[in-house]
Amino acid sequence: MEPGVIRKLDQVVVNRIAAGEIIQRPANALKEMMENSLDAHSTSIQITVKSGGLRSLQIQDNGTGIRREDLEIVCERFTTSKLKSFDDLSSISTYGFRGEALASISHVAHLTIVTKTKTEKCAFKACYEDGLLKGDIKPIAGNQGTQITVDELFHNVPMRRQALKTPNEEFQRISDVVSRYAVHNPQASFVLKKFGETASIRTVAGATVAHNIGAIYGASIGKALIPVELKDDVLQLTVDGFVTNVNFSLKKPIFLLFINHRSVECSALRKAIDAIYALYLPKGTSPFLYLSLELNPSNVDVNVHPTKHEVHFLHEEEIVERIKALVERVLLGGNAARTYTQALLPGAPDPLSDTTKQNESIVGGGVDEKPRLDYKFVRTSHSEQKLEKFFGMSQSIKSEPGGEGEKQLDSSLPKLTQPSPSRKKKVVKETRLTSVRNLRQQIEEGCDENLRRIFRELTFVGTIDRDQTLIQYDTKMFIAATQPLAAELFYQLLVFNFGNFERLTLSEPLEIRRLALLGLANPESGYTEEDGPMEELADRVVEILIEKAGLMREYFNLSVRRDGYLESLPVLLDSYIPSVVFLPMYVLRLATEVEWDEEQECFRTFCRETATFFARIALTKPDKEYRWEVEHVIYPAIRNFLIPPKSFAKNGCLLQIANLPELYRVFERC
């Protein structure tokens, strides 16, 4: 047989082969793009996925953007702003460095970039195929940052596409990647959603690592976390992270490992830590771990694998041993709180001897050998038994109906509509405003930690009426005042998501003058004839809101046209639309109660007034809609996002009405 002829592969084939090594599935593509966003100093990253990322994968950030003159070559191989010479690899501190990610994606998908830098007057849009610019670069409206859309991934590599899992499984892989980076980067907000659905992951910029772990992986993990810290000058090693205590276990292990802020795998470290937990946890169960290692960049080789999920580093054995010893020490320190249970055969004697009790007091742990008493059972799911069961499904919530004017207004005003998923979203602005940072700091410093724990772990029981709701925490039952809780929640969402809002669009724009007149006619406004003619006051309201329209649109996506019509409001929570019934008072108060002349007070009072408007759940809503909104939108958001102020402990918005152990004592005396 004659030897085969060696030929040089076509460049298109070469590029697709190379792309397949780096972009193995949608999650790989997203990881590369997220790392680019973080390299660009983004504080907001929003990801939208369609069909597991195979149909569409979009990421939008508020980073530094890409210069107009760089767009022509940005998708060519080996083009990067992060590496100039081979020697730079020894001190690389960014995620990207080879300049292959966008090039690889463009060889196996349709790639579109919309970007704007701080200095450019408009954004620019460019499309790419096979690493090359397709068509012209077009100017387009946009805010600072970059939006990358990847359509029809692997459309030209059918074998790769067929080998992938189902869309749901691919989405789970994407969710895993986003979860890891959201935990490790609490300075940025992350939003992940399926196209046309509510967000499955949402974090707030400026949170903590521990808070994000609890929000993403569950409150039970959040409660079991133990911090770990280590600094070794000899090994040039710093370790920060969290591990779960010996009372907690998972069926499947979760190990988030970052080395120099890069999500990686290290089998030696995993095996070492698994060996430690095997001494404590039941067979077949595993812990949750998050570890962030910082090493001297010159000791780390990040150029080991095309996907960059593996790294090699010097002194690996010594570093693994140091971390193993650290985890052992932490678990031993937390072992005092460990509890044990043992099933007793019928008729067996109580194993709690005096010696055991003595040892228990020395160790400081609890040995719970007795059957658990009824009053110590804790409700864990609102689906187990709802409040409605005790009153019958036909009973409606008692509420005071709105006045005839409100009903008439509600039916005559146009409706608010949620943003279409395909519509361009608002890109958050990196806020360097000291005023906004001060407001955020005030919220954090004013937090009541006891209330924070209650709200973070609350279980929704049911609605009582339009004002009150029953919630449970541990063995305690509380009555919660929904409106003040919602008002504080919306205020904090406005402050922490400053500049990062989608828009609720009115089906028909509303005339602000008409709204102002309706607001002045409402007794709640406090208007009297001494204040002057209503028409003149309404005109003044229009003037003020048109004058401040740019600020409201820029930071809050509240759109007021120059001809005096209201077009849109911000989206504060997915699946929640405020009632237009209260728009007249809201518009009036924006003009009269917001301190427009001083920056921090302006933002504070605007957010307060907007929060009050959003928190007023319309009396005209049907009971079923109201219940659903409270249970599935308001209270989950309170659980995930609310930072309760100290005033909540005194103003009666949360009242304890029952404590099971105390109730049992009463029954025992009877």
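Scroll up for the structure.
Residues numbered from 1 in each chain as written. Predicted model: local features only at pLDDT ≥ 70, side-chain atom pairs only at ≥ 80, totals over all residues. Heavy atoms only, no water.

A separate point is the overall build of the protein chain. Across its full length, the protein chain carries 21 helices and 25 strands. Within the protein chain, buried positions represent 49% of all 670 residues. Long-range pairs, those at least 24 residues apart, make up 72% of the contacts in the protein chain with a sequence separation of at least 6. When the accessible surface of the protein chain is split by element, carbon and sulfur atoms take 51% of a total near 33,700 Å². (Helix = DSSP H or I, 4+ residues; strand = E, 2+ residues; numbered from the N terminus. Buried < 20%, exposed > 50% of the residue type's maximum accessible area, 1.4 Å probe, protein only. Contact = heavy atoms within 4.5 Å. Areas by Shrake-Rupley, 256 points an atom, 1.4 Å probe, with all protein chains shown as cover.)

Moving on, we come to the sheet that holds strand β20 (residues 468-473). Pairing is antiparallel across the open sheet formed by four strands, whose spatial order is β19-β20-β21-β25. Pairing within the sheet leaves two strands with one partner each, and these edge strands are β19 (459-463) and β25 (654-659). Ignoring strand direction, the axes of neighbouring strands in this sheet form an average angle of 25°. In this structure, β19 lies alongside β20, joined through four bridges in antiparallel fashion. Within the sheet, the bridge partner assigned to G462 lies in β20 and is L470. The strands that helix α20 (residues 623-641) touches are β19, β20 and β21 (476-481); relative to β19, the one it contacts most, it runs at about 160°. (Pairing = 2+ DSSP bridges. Axes fitted to C-alpha atoms, helices over the stretch in contact; angles between N-to-C directions.)

Structurally, H184 can be placed in helix α5 (residues 167-184). For H184, a relative accessible area of 7% corresponds to the buried category. A polar atom in the side chain of H184 sits 2.7 Å from the side chain of Y290. (Polar contact = N/O pair within 3.5 Å; in protein donor to acceptor, adjacent residues only side chain to side chain.)

Turning our eyes to something else, we now look at the layout of surface pockets. Counted as a void, the largest pocket has a volume near 1,200 Å³. As for the largest pocket, its lining consists of 43 residues, of which A215, P636, R639, N640 and F641 are closest to the centre. Its residues assigned to classes, the lining of the largest pocket comprises 22 nonpolar, twelve polar and nine charged. (1 Å grid on protein atoms, 1.4 Å probe; cavity = no way out; pocket = protein on both sides within 12 Å on 5 of 7 lines; lining within 4 Å. Points joined across faces, edges and corners; volume = space filled by probe spheres on them. Nonpolar A, V, L, I, M, F, W, Y, C, P; charged D, E, K, R; others polar.)

Let's shift gears to the environment of I216. Within the element layout of this structure, I216 appears in helix α6 (residues 209-217). Considering only alpha carbons, one finds I216 and S179, 37 residues apart in sequence, at a separation of 6.7 Å. Apart from the residues within four sequence positions on either side, I216 is in contact with S179, A182, V183, I201 and T203.

So, about the pattern of salt bridges. One pass over the structure, following the stated rule, counts 25 salt bridges. For D70, the salt bridge is made with R67, and the minimal N-O distance between the two is 3.0 Å. The exposure class of R67 is partly exposed, given its relative accessible area of 44%. Its salt-bridge partner being E547, residue K548 comes within 3.5 Å of it at the nearest N-O pair. The class of E547 is exposed, set by a relative accessible area of 56%. One network of salt bridges, with partners in common, ties together R55, E152 and R161. (Salt bridge = Lys/Arg side-chain N within 4 Å of Asp/Glu carboxyl O.)

By the secondary structure assignment, S179 is in helix α5. On the accessibility criterion, S179 (5% relative accessible area) is buried. With residues near it in sequence (within four places) discarded, S179 still touches I201, I216 and Y217.

This part is about the environment of C122. For C122, the location among the structural elements is in the loop between β3 (110-116) and β4 (123-129). On the accessibility criterion, C122 (24% relative accessible area) is partly exposed. On a C-alpha basis, the gap between C122 and I140 in space is 6.3 Å, while along the polypeptide they are 18 residues apart.

So, about the nonpolar core. Ranked by size, the top nonpolar core spans 85 residues in total, and within it F455, F490 and Y635 carry the most contacts. For this core, the element with the most residues is helix α14 (residues 482-496), which contributes ten residues. Not counting residues up to four positions away in its chain, the partners in contact with F455 are I471, L485, I638, R639, L642, P644, F648 and L654. Listed in part, the 56 residues of the second largest apolar core include I47, L111, Y128 and I137. (Core = buried A, V, L, I, M, F, W, Y, C linked by side-chain atoms within 4.5 Å.)

A few words on a negative patch on the surface. Where like charges cluster on the molecular surface, the negative patch consists of E593, E595, D597, E598 and E599. Mapped onto the elements, E595 comes out in the loop between α18 (583-593) and α19 (599-615). (Patch = residues over 30% accessible without salt bridge, like charges linked within 9 Å, V, L, I, M, F, W, Y side chains within 5 Å. Lys, Arg positive; Asp, Glu negative; His and termini not counted. Charge placed at Lys NZ, Arg CZ, Asp CG, Glu CD.)

For the rest of this paragraph, the subject is the pairing of strand β11 (residues 254-259). Taking burial as the measure, the six residues of β11 include five buried ones, the bulk of the element. Pairing analysis gives two bridges linking β11 to strand β12 (residues 262-263), with the strands arranged antiparallel. Across the sheet, F258 pairs through a bridge with S263, a residue of β12.

Contact geometry for helix α15 (residues 512-521) and α18: axes closest at 7 Å, N-to-C directions at 100°. Looking at the two axes, α15 sits roughly perpendicular to α18. Listed contacts from α18 to I512, L515, L518, G519 and L520 of α15 are L583, P584, M585, V587 and L588. (Parallel < 35°, antiparallel > 145°, perpendicular 65-115°, else oblique.)

Moving on, we come to the pairing of strand β9 (residues 225-232). With eight bridges joining them, β9 and strand β10 (residues 237-244) adopt antiparallel strand pairing. Bridge pairing links I226 to V243 in β10. Between the end of β9 and the start of β10, which pair antiparallel, lie four residues, with Q236 showing a positive phi angle near 50°.

Here the structure, examined in full by the defined rule, presents 17 aromatic pairs. Ring plane angle 85° and centroid distance 5.5 Å describe the contact between F498 and F556, whose orientation is recorded as edge-to-face. Of this pair, F498 sits in the loop between α14 and β22 (503-511) while F556 sits in helix α17 (residues 549-556), placing them 58 residues apart in sequence. Note on F498: relative accessible area 4%, which makes it buried. Overall, the relative accessible area of 0% leaves F556 in the buried class. Here the aromatic cluster, defined as three or more aromatic residues joined through ring pairs, consists of F498, F501, Y555, F556, W596, F603 and F606. (Phe/Tyr/Trp six-rings, centres within 6.5 Å; stacked < 30°, edge-to-face > 60°.)

With that settled, consider the sheet that holds strand β5 (residues 132-140). In spatial order, the strands read β5-β4-β3-β6-β2-β1-β7-β8; together these eight strands make up an open sheet with mixed pairing. Of all the strands in the sheet, just β5 and β8 (199-202) have a single pairing partner and so form its edges. Shown here is a sheet whose adjacent strand axes are inclined to one another by a mean of 10°, direction ignored. Bridge count for strand β7 (residues 189-194) against β8 is three bridges, and the pairing is antiparallel. Following the sheet pairing, V191 is matched in β8 by R202.

Shape descriptors only; they carry no functional weight alone.
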